[in-house]
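Spelled out from the first residue to the last, the chains are:
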Amino acid sequence: MPIPEDVTGDEIDKDVRQELLSLPKGLAEDVSKNLVMVARLIDEDPEGAYAYSKIALRLASRVAAVREAAGFAAYANQKYSEALAEFRAARRMTGSVDLWPVMADCERGLGRPEKALEMAGAPEVHKLDKAGQVEMRLVAAGARRDMDQLDAAIVTLQSPELASNTVQPWTARLRYAYADALLAAGREDEAREWFAKAVESDKDGSTDASDRLAEMDGVEFVDAFVEDEVDEDEDDTDVDTEVDDEVEPQAEASVAEEVDVDDEDDDIEDDEDDDEDEPVAEPTVAVEAKDDNKDDDED
């Protein structure tokens, strides 16, 4: 696949660059560029990111960073079995537990929430940093919801990190998950409060908490493009009406002319009859011209 000219490969993390030093220089450069493309596309174009990850994997399958990138690309495309295999391979190479939460979430994706809960209680969780432990808590709560255990999911999310007023990178997602669980349990007032707290901490728009909050408040968003289309349709209708108004007098005139011609013909015939017979007084008949053309236009 083509690599944009602005991609040099130097954009990758220094730790990943260190891993690639085991490869020949030219090969390391090619792999790094493909890894940059994976990172660049994984949110907006997960299929494209997956394609670049497969190239990097073919070039350097024995590099842990490559296996990890391939795992995340597969995960973004909901290829959970493939993602789990790549994450396990990367963990074997590095011995790190950092991927433990996302591995547990892959188990959820494969329809095995019980396995995810088992991983949430494993000793590896204690080796995770604070961000990893919060992520593991989110996965465990999701597994509880998968098993229709809403109350247990709510309790799982209740933690010092949730109660803290300090905003951390995980704060918005934790508050959002808690609000969503409360709403699913029918606790709407509490859910609204926590969606509002999620909005306060969501500085980079990582959740749709503001939309959920507006929905609960009954606020409807109207697409501006739809409004423009409606206005244009109304303008077209006004133009058509003006045109019809201009045409109607002409139509009436035409009908009137036809009636006058018919009356003249009738008068001529009557005059001829009067010459042959005695004069007979005729009643006056008023002829009303119906504007058929106007009706048609209105239809």
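Residues numbered from 1 in each chain as written. Predicted model: local features only at pLDDT ≥ 70, side-chain atom pairs only at ≥ 80, totals over all residues. Heavy atoms only, no water.

Draft legend 1. Examining the overall build of the chain more closely. Along its length, the chain carries 15 helices and zero strands. Of all 299 residues assigned to the chain, the portion counted as buried reaches 33%. Within the chain, contacts between residues separated by at least 24 positions form 54% of all contacts whose residues are at least 6 apart in sequence. Carbon and sulfur atoms form 46% of the exposed surface of the chain, whose accessible area is close to 19100 Å². (Helix = DSSP H or I, 4+ residues; strand = E, 2+ residues; numbered from the N terminus. Buried < 20%, exposed > 50% of the residue type's maximum accessible area, 1.4 Å probe, protein only. Contact = heavy atoms within 4.5 Å. Areas by Shrake-Rupley, 256 points an atom, 1.4 Å probe, with all protein chains shown as cover.)

Draft legend 2. Main features of the nonpolar core. Leu20, Val31, Leu35 and Val66 are the most contacted members of the largest nonpolar core, which has 44 residues in total. Among the elements of the structure, helix H2 (25-41), helix H3 (46-59), helix H4 (64-76), helix H5 (80-94), helix H6 (100-109), helix H7 (113-120) and helix H8 (130-146) are those that each provide at least two residues to this core. Here this core takes seven residues from H2, the largest share from any one element. Not counting the four nearest positions on each side in its chain, Leu20 is found in contact with Ile12, Ala28, Val31, Ser32 and Val63. If you look at the next biggest cluster of nonpolar residues, it comprises 21 residues, including Ile154, Trp170, Ala191 and Ala198. (Core = buried A, V, L, I, M, F, W, Y, C linked by side-chain atoms within 4.5 Å.)

Draft legend 3. Seen up close, H8. The terminal C-alpha atoms of H8, which comprises 17 residues, lie 24 Å apart, in line with the 24 Å expected from a rise of 1.5 Å per residue. Just past H8, the residue Asp148 takes up positive phi, approximately 60°. (Expected span 1.5 Å × (residues − 1).)

Draft legend 4. The packing of aromatic side chains, seen in detail. A complete count under the given rule lists four aromatic pairs for this structure. An angle of 70° between the planes, with centres 5.0 Å apart, marks the rings of Phe72 and Phe87 as edge-to-face. Residue Phe72 is located in helix H4, and its partner Phe87 is located in helix H5; the two are separated by 15 residues in the primary sequence. With relative accessibility at 0%, the residue Phe87 sits in the buried group. Between the NZ or CZ atom of Lys79 and the centre of the ring of Tyr50, over which it lies, the distance is 5.2 Å. Stacked on the ring of Trp194, the Lys or Arg Lys197 has its end atom at 4.0 Å from the ring centre. (Phe/Tyr/Trp six-rings, centres within 6.5 Å; stacked < 30°, edge-to-face > 60°. Lys NZ or Arg CZ within 6 Å of the ring centre and 35° of its normal.)

Draft legend 5. Representation of the pattern of salt bridges within the structure. Throughout the structure, instances matching the rule amount to 17 salt bridges. Note that Arg108 is salt-bridged to Asp146, the shortest N-O span being 2.7 Å. In this pair, Arg108 sits in helix H6 while Asp146 sits in helix H8, placing the two residues 38 residues apart along the sequence. The exposure class of Arg108 is partly exposed, given its relative accessible area of 25%. (Salt bridge = Lys/Arg side-chain N within 4 Å of Asp/Glu carboxyl O.)

Draft legend 6. Quick look at H6. Burial within H6 is extensive, with eight of its 10 residues counted as buried. For H6, the set of buried residues is Trp100, Pro101, Val102, Met103, Ala104, Asp105, Cys106 and Glu107. Buried residues along H6 sit in contact with H4, H5, H7 and H8. At the exit of H6 stands Gly111, carrying a positive phi of roughly 80°.

Draft legend 7. Summary view of the environment of Leu99. Structurally, Leu99 can be placed in the loop between H5 and H6. In this structure the C-alpha to C-alpha distance between Leu99 and Gly132, which are 33 residues apart in sequence, comes to 8.5 Å. If sequence neighbours within four positions are ignored, Leu99 has contacts with Glu68, Phe72, Phe87 and Ala90.

Draft legend 8. Geometry of a negative patch on the surface. A contiguous patch of negative charge on the surface is contributed by Asp13, Asp15, Glu19, Glu68, Asp98 and Asp129. Examined against the element boundaries, Asp15 turns out to sit in helix H1 (residues 14-19). (Patch = residues over 30% accessible without salt bridge, like charges linked within 9 Å, V, L, I, M, F, W, Y side chains within 5 Å. Lys, Arg positive; Asp, Glu negative; His and termini not counted. Charge placed at Lys NZ, Arg CZ, Asp CG, Glu CD.)

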